[in-house]
Amino acid sequence: MKKIFYLIVAAALFLSLSSCSVFNQSNVVAASQSLGGLNTSMWTGKSRNAIMIRFGVPDREVSDGADGVILVYEDIETVIKTTTSENTHFGMFDTDYETKGKTTTTRRFAEFFINAENHCYNVRSNLTQWQFDNPEKRPWN
């Protein structure tokens, strides 16, 4: 009887651990697909100079955490939408006007990961293929 109990516990443990593993892998795939599925393979192995000739001077550079840098090209667009409504206070004569605003910020970016030898080893972007292929048309709005 104890053997059956241990077998059931082991099976439950195995199933619970393997289901978490599959769940984590599916999240990683979804996150990489959400970046637009760009064809960025042509930039892998290119020099930092070649990227800067095509895209220009980056908006900023940050560390990649492994003796390299990330060239960040980004456009940030902030849109403020305001609406004005009339408030009559239940039919009273003193009408108030109430203005509400909604702010939306959109960040479009291309990030080139450059190793210590000044060669690109990864590209991340949320641009469309056309925006990525035409950096001279910035801002990418």
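Above this note sits the structure.
None of the values given here were measured: they were computed from a predicted structure.

(A) Broad picture of unusual backbone geometry. Cis geometry is adopted by the peptide bond preceding P139, which originates at R138 and carries an omega value of 5 degrees. Relative to the helices and strands, P139 resides in the segment after α3 (129–133). Look at D67: it is not a glycine, yet its phi comes out positive at around 65 degrees. You can see D67 is positioned in the loop between β1 (60–63) and β2 (69–87). By relative accessible area, D67 is classed as exposed at 72%. Although it is not a glycine, N118 adopts a positive phi angle of roughly 65 degrees.

(B) Fine view of the packing of aromatic side chains. Within this structure, the stated rule accounts for eight aromatic pairs. Ring centres of F55 and F112 lie 4.9 Å apart, and the angle between their planes is 65 degrees; this geometry places the pair in the edge-to-face category. Linking F55 in helix α2 (residues 48–55) with F112 in strand β3 (residues 96–114), this pair joins segments that are 57 residues apart in sequence. Like F55, the residue F112 is buried in the burial classification. A connected cluster of aromatic rings, assembled from ring pairs, spans W43, F55, Y73, F112 and F132.

(C) Geometry of the pattern of salt bridges. In this structure the tally under the stated criterion is nine salt bridges. Here D59 ties to R138 by a salt bridge, and the two come within 2.7 Å at their closest N and O atoms. Taken together, the residues span a long stretch of sequence, with D59 in the loop between α2 and β1 and R138 in the segment after α3 at a distance of 79 residues.

(D) Looking closely at the pairing of strand β4 (residues 120–125). As paired elements, β3 and β4 share five bridges and run antiparallel to each other. In the sheet register, E111 faces β4, and the bridge partner there is R124. In textbook terms, the turn of a hairpin is the stretch between consecutive antiparallel strands, and for β3 and β4 this stretch comprises five residues, one of which, N118, has a positive phi near 65 degrees.

(E) Here's a closer look at the side chain of Q131. The residue Q131 is located in helix α3 in this model. The exposure class of Q131 is buried, given its relative accessible area of 13%. Non-local contacts of Q131, meaning those with residues more than four positions away in its chain, are made with R108 and W140.

(F) Structural view of the nonpolar core. W43, I51, F55, Y73, A110, F112 and F132 are the most contacted members of the largest nonpolar core, which totals 14 residues. Only α2, β2, β3 and β4 provide two or more residues apiece to this core. A total of three residues in this core trace back to one element, the largest contributor, which is β3. Sequence-distant contacts of A110, that is, excluding residues within four places in its chain, are made with L71, V72, Y73, R124, S125, L127, F132 and W140.

The rules we used
- Residues numbered from 1 in each chain as written.
- Predicted model: local features only at pLDDT ≥ 70, side-chain atom pairs only at ≥ 80, totals over all residues.
- Heavy atoms only, no water.
- Helix = DSSP H or I, 4+ residues; strand = E, 2+ residues; numbered from the N terminus.
- Buried < 20%, exposed > 50% of the residue type's maximum accessible area, 1.4 Å probe, protein only.
- Phe/Tyr/Trp six-rings, centres within 6.5 Å; stacked < 30°, edge-to-face > 60°.
- Salt bridge = Lys/Arg side-chain N within 4 Å of Asp/Glu carboxyl O.
- Pairing = 2+ DSSP bridges.
- Contact = heavy atoms within 4.5 Å.
- Core = buried A, V, L, I, M, F, W, Y, C linked by side-chain atoms within 4.5 Å.

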